[in-house]
Amino acid sequence: MGKYTSGAELPVGLGLALEEYKAMDYFFSLPTQAQQQIIDHTQSVQSKEEMLAYVQSFVAPK
């Protein structure tokens, strides 16, 4: 994860979920404000399953 060091601190659960969906590059390609909104939302996530569902909601093709 060395190339992902700039910007806000990434919560561990979010990082693991992004890795699960191979979406780390996608997340870091988003504008800083969008990244921060996602990080802020993760503070209300209560479980691994909920985190995976949340990440899937913004990385899955629509």
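Residues numbered from 1 in each chain as written. Predicted model: local features only at pLDDT ≥ 70, side-chain atom pairs only at ≥ 80, totals over all residues. Heavy atoms only, no water.

Chemist: Hey, could you run me through the overall build of the chain in this one?
Modeler: Helix and strand counts for the chain come out as 4 helices and 0 strands. Secondary structure elements in the chain, listed N-terminal to C-terminal, are α-α-α-α. Classification of the 62 residues of the chain by burial places 32% in the buried group. For the chain, the exposed area adds up to about 4300 Å²; of that, 53% sits on carbon and sulfur atoms. (Helix = DSSP H or I, 4+ residues; strand = E, 2+ residues; numbered from the N terminus. Buried < 20%, exposed > 50% of the residue type's maximum accessible area, 1.4 Å probe, protein only. Areas by Shrake-Rupley, 256 points an atom, 1.4 Å probe, with all protein chains shown as cover.)

Chemist: Explain the environment of Met51 here, please?
Modeler: Within the secondary structure layout, Met51 lies in helix α4 (residues 48–59). Here the alpha-carbon distance between Met51 and Gly13, two residues 38 residues apart in the chain, equals 7.1 Å. When neighbours within four sequence positions are excluded, Met51 is seen to be in contact with Gly13, Leu14, Ala17, Thr42 and Val45. (Contact = heavy atoms within 4.5 Å.)

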